[in-house]
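# Geometric and topological summary
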Amino acid sequence: MSDLDTDLLVTDRMAAVFAAYPDRTPLLVVDLDIVADQYTTLRRVLPTPTVFYAIKANPNDALLRLLVEMGSSFDVASTGEIRSCLDAGASVDSLSYGNTVKKRVEIAEAFALGVRTFAFDCVDELDKLIDLAPGSTVYCRLLSDGDGAAWPLSKKFGCTLERATHLLRHAHGAGLSVGVSFHVGSQQFDPNAWDRALADVAGLRAVLRDEGIELEGVNLGGGLPGLYIEDVPAPERYGEAIEAAISRHLGPVLPPQVLVEPGRFLVADAGVLRTEVVTVGTKSAVDEHRWVYLDVGVFTGLVETLDEAIRYRIVADDGTPYSELDHLGPVVLAGPTCDSADILYETSGYRLPLGLRSGDRLLLLSLGAYSTTYSTVGFNGFDPLEVEILPRSGT
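Bear in mind the structure is a predicted one, so any value in this text is a computation, not a measurement. Numbering of residues starts from 1 in every chain and runs along the sequence as written. Selection of residues for local features in this predicted model requires a pLDDT of at least 70, selection of side-chain atom pairs for listing and counting requires 80 or more, and totals for whole chains, interfaces and linings are taken over all residues. Heavy atoms throughout the structure, all of them, feed into the side-chain values; hydrogens and water do not.

Helical segments are the DSSP runs of H or I of at least four residues, strand segments are the runs of E of at least two, and each set is numbered from the N terminus. Within the protein, the regular secondary structure consists of 10 helices and 19 strands. Atoms considered for the radius of gyration are the C-alpha atoms alone. The globule rule reads 2.2 Å times the number of residues to the power 0.38. Rg of the C-alpha trace for the protein: 22 Å, near the compact-globule value of 21 Å for 395 residues, within the 12% margin. Its C-alpha atoms give the protein principal-axis dimensions of about 70 × 40 × 40 Å. Residue exposure (1.4 Å probe, protein chains only): buried if accessible area is under 20% of the type maximum, exposed if over 50%, otherwise partly exposed. For the protein, the residues scored as buried account for 54% of the 395 residues in total. Throughout, a contact is declared for two residues whenever any of their heavy atoms are within 4.5 Å. Long-range contacts, defined here as pairs at least 24 residues apart, represent 71% of the contacts in the protein between residues at least 6 apart. Only the protein chains shown count as cover for residues, with accessible areas throughout obtained via the Shrake-Rupley method and a probe of 1.4 Å. Carbon and sulfur atoms provide 51% of the accessible area of the protein, an area that totals close to 16,300 Å².

Right, dumping it as structure tokens:
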């Protein structure tokens with residue numbers, strides 16, 4: 001597990017907010033002390049790469065300002081995210097435009113704002129960058145197998161090594177500096193996943209070097225995990241494995257830039273969501289599974305439950321893990337909307353108290369990433385997910 005104590009994920013400060021607003025549910029509380037601790041841990045265990053926080057995980061203004069103060073750079077996926085980072089005080093040279101799908105007008109706007117680092121994975125995208133972002137550094141994203149991840153991410157993004165070699169030659173010939181990026185999959189359980197990807201990068205680098213082309217940078221992507229149901233190795237294990245892979249495959253002379261793009265790792269465990277049980281029912285007299293409908297669901301912040309990929313820990317309103325209680329039974333968990341897709345967990349084996357009733361409250365842990373910005377803006381008339389941000393202590 002992380003060196004972040006799981007018993008402290010519901011901090012006293014969070015509990016005080018929940019107590020102060022007993023009628024607000026669903027309510028997400030995000031404690032920036034935990035974000036700061038996670039950032040410090042990451043820099044300690046993974047000192048070589050520059051941290052580019054993937055702001056899509058949680059773009060809250062106060063959170064961005066904290067990370068600017070702590071020295072983070074930022075991975076952005078749109079001109080809107082660029083402006084959010086600049087408004088939070090980030091310098092434009094600390095931004096990497098990591099989305100491989102961009103309109104011409106978006107590239108032009110980013111370049112006009114001063115962004116000089118972009119990602120791509122096809123000829124069409126590269127040609128736009130050659131035309132609209134001259135002199136920039138462009139990272140070609142490679143396909144990755146995603147093995148060991150809860151959520152593989154290399155179907156929509158990336159290209160083969162053969163295609164990347166061709167594209168990087170083309171980019172270099174057009175006067176751009178070149179780099180390579182990859183993503184080993186979100187919520188990656190295997191610390192050695194980066195070793196496999198970096199082995200491919202090393203082979204590609206050798207081919208290009210033989211042609212007089214040097215990689216300006218290597219982007220290790222994201223994938224560092226949050227704390228959900230499954231046990232994960234400690235951050236030290238990830239740091240040791242990734243640092244060793246960097247040295248083995250990119251050393252002894254590293255590219256000028258080595259980047260890592262954590263999102264989930266920095267912010268997931270900083271958020272706790274309080275939800276209320278709306279209805280408890282069964283489908284037949286012999287059905288042992290109770291259907292527990294919550295006032296939060298797929299469309300109100302829990303999109304990552306699709307395919308039950310991210311499985312949140314659920315505890316009692318006072319923070320007590322249900323595993324410590326008796327008289328539990330199997331449940332299917334679903335959200336409140338009038339939509340049959342709004343089912344959270346049906347096959348993951350969740351068990352909740354047999355005495356659970358409408359009006360009871362539950363806490364879902366590690367909701368700081370990919371929640372508020374995934375929330376509805378009005379589907380079925382439900383309000384967006386409410387959030388309270390707790391500033392860093394002492395500020």
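Bringing unusual backbone geometry into the picture now. Cis geometry marks the peptide bond from threonine 25 to proline 26, where omega comes out at 0°. You can see proline 26 is positioned in the loop between α1 (12-20) and β1 (27-31). Following glycine 251, the chain continues into proline 252 via a peptide bond in cis, with omega recorded as 0°. Secondary-structure assignment places proline 252 in the loop between α9 (235-250) and β11 (257-260). A positive phi angle, close to 55°, is found at tyrosine 370, a residue other than glycine.

In this fold, tyrosine 345 is placed in strand β16 (residues 343-345). Through-space distance from the C-alpha of tyrosine 345 to that of threonine 79 is 35 Å; in sequence the pair is 266 residues apart. Those residues in contact with tyrosine 345 that sit more than four places away from it in its chain are Thr305, Glu308, Ile310, Arg311, Tyr312, Val331, Val332, Leu333 and Tyr350.

The next point concerns the packing of helix α6 (residues 123-132) against helix α7 (residues 161-173). Think of each axis as a best-fit line through the C-alpha atoms, taken over the contacting stretch in the case of a helix, with angles from 0 to 180 degrees between the N-to-C directions. Packing of α6 against α7 brings their axes to within 11 Å, and their N-to-C directions diverge by 15°. Here α7 runs roughly parallel to α6, going by the angle between their axes. Here α6 runs over α7; the crossing is right-handed. Contacts from Val123, Leu126, Asp127 and Ile130 in α6 reach Leu167, His170 and Ala171 in α7. Basically, the charged four are Asp, Glu, Lys and Arg, the nonpolar ten are Ala, Val, Leu, Ile, Met, Phe, Trp, Tyr, Cys and Pro, and anything else, Gly included, counts as polar. By residue class, the composition of the contact of α6 with α7 is 5 nonpolar, 1 polar and 1 charged. Just so you know how the angles are binned, under 35 degrees is roughly parallel, over 145 roughly antiparallel, 65 to 115 roughly perpendicular, and the rest oblique. Each crossing gets its handedness from the near helix: less than a right angle anticlockwise from the far helix is left-handed, clockwise is right-handed.

The buried count for strand β8 (residues 177-181) comes to 4 of 5 residues, which makes it a mostly enclosed element. Here 5 bridges tie strand β6 (residues 137-141) to β8, and the two strands are oriented parallel to one another. Note on β8: the bridge partner recorded for threonine 137 is serine 177. As judged from the 4 bridges shared by β8 and strand β10 (residues 215-219), these two strands associate in the parallel manner. If DSSP finds at least two bridges between two strands, the strands pair.

Here the aromatic set is Phe, Tyr and Trp, taking the six-membered ring for Trp, and pairing holds for ring centres within 6.5 Å; pairs whose planes are under 30 degrees apart are stacked, those over 60 apart are edge-to-face, and all others are tilted. Scanning all chains against the criterion turns up 8 aromatic pairs. Ring geometry for tryptophan 291 and tyrosine 293: centres 6.1 Å apart, planes at 25°, overall stacked. Judged by its relative accessible area of 13%, tryptophan 291 is buried. Our definition puts a charge over a ring when NZ of Lys or CZ of Arg is within 6 Å of the ring centre and also within 35 degrees of the ring normal. Note that arginine 24 overlies the ring of tyrosine 21, its terminal NZ or CZ placed 4.6 Å from the centroid. Stacked on the ring of phenylalanine 111, the Lys or Arg arginine 116 has its end atom at 3.6 Å from the ring centre.

Here β10 lies mainly inside the structure; 4 of its 5 residues are buried. For the handedness criterion, the strands are oriented away from the viewer, and a crossover whose path from the first strand over the helix to the second runs clockwise is classed as right-handed. Handedness of the crossover is the feature at issue here: the chain leaves β10, passes through α9, returns alongside β11, and the resulting connection is right-handed.

Right, let's get into the pattern of salt bridges. Charged atoms that come close allow side chains of opposite charge to pair. Salt bridges are defined as contacts in which a side-chain nitrogen from Lys or Arg sits within 4 Å of a carboxyl oxygen from Asp or Glu. In this structure the tally under the stated criterion is 17 salt bridges. The partner of glutamate 386 in a salt bridge is arginine 24, and the shortest N-O contact between them spans 2.8 Å. With glutamate 386 in strand β19 (residues 386-390) and arginine 24 in the loop between α1 and β1, the pair connects residues that are 362 residues apart, well separated along the chain. Using a relative accessible area of 37% as the deciding quantity, one classes glutamate 386 as partly exposed.

Right, let's talk about helix α4 (residues 79-87) for a bit. Looking at α4, one finds that the buried residues are Thr79, Glu81, Ile82 and Cys85. Each buried residue of α4 sits inside an arc of 155° when the element is viewed along its axis, so together they form one side. Buried positions along α4 lie against α3 (61-70), β3 (73-76), β4 (95-97) and α5 (104-113). Phi turns positive one or two residues past the end of α4, at glycine 89, with a value near 105°. Note: the arc covers the axis-to-C-beta directions of the helix.

As a further point, take the side chain of serine 348. Structurally, the position occupied by serine 348 is in the loop between β16 and β17 (351-353). A polar atom in the side chain of serine 348 sits 2.4 Å from the side chain of glutamate 308. What serine 348 contacts, discounting residues up to four positions off in sequence, is Glu308 and Arg311. Counting of polar contacts relies on pairs of N or O atoms within 3.5 Å, with two restrictions inside protein: one atom must be capable of donating a hydrogen and the other of accepting it, and residues adjacent in sequence are counted only when both atoms are side-chain atoms.

Right, let's talk about α1 for a bit. Those residues of α1 lying buried are Met14, Val17 and Phe18. Seen end-on, α1 carries its buried residues on one side only, within an arc spanning 100°. Along α1, exposed side chains directed more than 90 degrees from the buried face belong to Asp12, Ala19 and Ala20. For α1, the secondary structure elements touched by its buried residues are β1, α2 (32-45), β12 (271-281), β18 (361-365) and β19.

A few words on the side chain of arginine 361. Within the secondary structure layout, arginine 361 lies in strand β18. Here proline 22 takes part through its backbone oxygen, which lies 2.9 Å from a polar atom of the side chain of arginine 361. A polar side-chain atom of arginine 361 sits 3.0 Å from a polar atom in the side chain of glutamate 276. With residues up to four places along the chain from it excluded, the contact list for arginine 361 reads Pro22, Asp23, Thr25, Arg274, Thr275, Glu276, Asp317 and Tyr322.

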